[in-house]
Amino acid sequence: MEMLGGRTIEDIRRDFPIFRNRPNLAYLDTAATSHMPSVVLEAMVDFEVNYRANVHRGLYPEAELATNAYESARAEVAAFIAAEPAEVSFTSGSTASLQMLAAMLGPRLKPGDNILVSSMEHHSALLPFKQIAVERGAMVTTVQHDADYRLDLTTFQLMLNNRTKIVVITAVSNVLGTVNPIADIVQEAHKHGAIVIVDAAQYIPHLALSVKEWGADAVVSSAHKMYGPLGVGVLYIEKSLGLTLTPSNLGGGMMLEVTSSITTFAEAPHKFESGTPNIPGVIGLAAATRYLSSLGWSNIIAREEAMTRLLIVGLLSLGDIAIIGPLTMDNRIGVISFTVPGLHPHDLATILGEQGVAIRVGHHCAMPLVSSIVPGGVARASLGLYTTEEDISRLIQGIKFARQTLS
Amino acid sequence: MDSIYRSHILEHARHPHNFGILADATHTARLANPTCGDACTIYLKIENDVIVDAKWDGHGCALSTAASSLLTEHLTQKPGLSRASGTMQLSPRHGGGGGGFTSETEFLKLLGIEPTSGRLDCALLPLRAYHAAIK
C-alpha cells in the first residue's frame, strides 16, 4: 500500500470531501483544477464565521485577527516557495499575475526588442506579452520543443540575444507534462540581461518549488491547482525587480500617501495588492501548503511518479494510442495528453464522463502548441495526490468502451 | 444522465446520409469549430425558394456527424420544404425573421437528444452552417 507521510492513499482520499459526495468519480482533471482537502475548507470557514474582517484597515480585534492571519499566510506561502514575504503578492490567479507583469514591464520595451517564449506557453502567459509586443513594436519569438516534447537548451541559447528583454517560460507544460530546466534557462537569459517570468501553475502542486534555486525574476501560480481555493494567485517578484516596478493595478491598500497632486505607493508586496484581497482564499491557500508539506515532497513525488508510469503503460497497452508528451519519466509529471485513433476527443470525453471518468479534451488553452500537433485537440488525463490505481484502470476500460461504442 | 449516444445517433455517425458534394448546389456554406477542429459544409439546391436537394461534407465528432446527417435527411425527405418554413427557420441573429433559439430547440428535438452545454456547439454546427447557407 502506497504511503504518503505515514498515511495511506485511503486516508488521503478521506481528506477530500468530494470523494465522499461523488463516490463514483474517477477524477483525472487535476491540471484544470484540483479538489480541496477538508483542512483548507475548514480554514476558510473559520475565517468567515469567527473573525471575518477586512485586512490592514480596522482597529478592532477581529480586524487584527484577520490581518494577522493574512500576513501569516503570506509568510507561510513565501516559505513554501523559498521566497521572502515581501516578494509574495496575492492576486486572483496566474492569469491576473501575468497580465500585471506584462502591464508593468511593457513600458520598458522599445521597437525591435524581443520577448522570448517557449512553444509550450498557456494563453494566459502568451497573450498579454504578445499584446505588449504589438503595442511597443517589439517581437515575440518562440523556442520550439523537440521531437521528444522537450525544450532544447542549446536552441534556447541560440535564440537569446541582447534584444531579448523578457523571457516567458512555463515550468511544466499543461499539455505535455514536460518539466522545463528553469534554473538553466534563467542563467542563460540573465547573461543577456533579460527578465525571466516563470509560469509555475502546473509545477507547484507536484514538485518542490524554490524560486531562489531557479533565480527567476517573477514566478506565478494559482491556488486552485494546488489543492487550494479558486480565485487566488501567488505572484512572486524578486526583491530588486519589485523595487523598480510601478504598479499597474491601482486602488485602496497599495499607497502610502495620496494628495491632490502626489501618489506615493507602499512598498512591495502591498503596492501590488490593490483593493480588498481574497482573504479567506489566501488563508485557504496557506492551509493547502501546510497540507502538502505534511505529506512530504519525496512521498508525493514517488506516489505520483508511480501513478504516472501506470497511466502511460496502461495507455500504451491499448496498442495504437499516441501519447503527446515525453515517454520517459525524467522531468515529466502526471499530465498526460493522448489521442485515440478513430475517436474524436469530444466523443471520448463525453462517453468517459457518462461513466464517471473526468478528463479534459481540446486545446487546453495552448492552441499554438496543440494545433501544431493535432488540429482537433487532444485528450488529457492529469493526476493528483488522490489518484488511485482504480481511477487509471477505469480510464483505460473507459477508452475501450468508447471505442466499442463508436466503432 | 441519458447518453447522447443513442442508437440512431450512432447509426448516423457510422453511416452518415447525404455525405458528399452537391455539384449543382445553389447555396453553400462552411462552418468550423476551431476549438475542436470540426468542420461542416452544407450544400443546398434551392429552386423557387424550395429546397430540392441537400448534402454535406466535413469531419468531426460522432455528434456533429450524426447531426449533419439528420439535418440533410430532414431537408431531403420533406420535399418542397421552404427554406423559411418549419423547423429550419432562420434565427434573428443569422439575419432571419423568425425562430430564434426556438429553431435550435426544434433542431435538438429532431436529433432526439439533450446534449450538455459543452457539446451544444457540436450538435448545432450543421444547423448554423445551414443558416449561413440560406442567408
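Values in this document were obtained by computation on a predicted structure and should not be read as measured data. (Residues numbered from 1 in each chain as written. Chains lettered and ligands numbered in written order. Predicted model: local features only at pLDDT ≥ 70, side-chain atom pairs only at ≥ 80, totals over all residues.)

Caption draft 1: Examining the overall build of chain B more closely. Check the secondary structure of chain B and you find four helices and three strands. Counting from the amino terminus, chain B carries its helices and strands in the arrangement α-β-β-β-α-α-α. The contacts of chain B with a sequence gap of at least 6 include a subset with a gap of at least 24, amounting to 58%. (Helix = DSSP H or I, 4+ residues; strand = E, 2+ residues; numbered from the N terminus. Contact = placed C-beta atoms within 7 Å.)

Caption draft 2: Structural view of unusual backbone geometry. Residues and elements named next belong to chain A. Note the cis peptide between A268 and P269, where omega equals 5°. Along the chain, P269 turns up in the loop between β12 (263-265) and α11 (279-295). In this model, A82 sits at a positive phi of 60°, which is unusual for a non-glycine residue. For A82, the position within the fold is in the loop between α4 (61-80) and β4 (88-91). Taking the C-beta count within 10 Å as the criterion, A82 has 14 such neighbours and is therefore assigned partly exposed. (Buried ≥ 20, exposed ≤ 12 C-beta atoms within 10 Å, placed from the backbone.)

Caption draft 3: Here's a closer look at the packing of helix α2 (residues 62-77) of chain B against helix α4 (residues 120-134) of chain B. Residue and element names in this part refer to chain B. Close contact between α2 and α4 brings their axes to 7 Å; oriented N to C, the two are set at 40°. Relative to α4, the element α2 is oriented oblique. With respect to the hand of their crossing, α2 and α4 are arranged in right-handed fashion. Within the contact between the two elements, α2 uses L63, S64, A67, S68 and L71 and α4 uses C122, A123, L125, P126, L127 and Y130. Here the contact of α2 with α4 is composed, by residue class, of nine nonpolar, two polar and no charged. (Axes fitted to C-alpha atoms, helices over the stretch in contact; angles between N-to-C directions. Parallel < 35°, antiparallel > 145°, perpendicular 65-115°, else oblique. Left-handed = near helix turned anticlockwise from the far one by under 90°. Nonpolar A, V, L, I, M, F, W, Y, C, P; charged D, E, K, R; others polar.)

Caption draft 4: Up close: the interface of chain B and chain A. Taken together, the contacts link 14 residues of chain B with 13 residues of chain A. Taken together, the residues of the side of chain B that touches chain A break down into nine nonpolar, four polar and one charged.

Caption draft 5: Spatial organisation of the sheet that holds strand β2 (residues 38-47) of chain B. Residue and element names in this part refer to chain B. Strand order in this open sheet of three strands is β1-β2-β3, and the pairing throughout is antiparallel. The open sheet is flanked by β1 (27-33) and β3 (50-59), the only strands paired with a single partner. If you compare each strand with its neighbour and ignore which way they point, the axes differ by 15° on average. Here nine bridges tie β2 to β3, and the two strands are oriented antiparallel to one another. Residue pairing in the sheet places I42 in a bridge with W56 of β3. (Pairing = 2+ DSSP bridges.)

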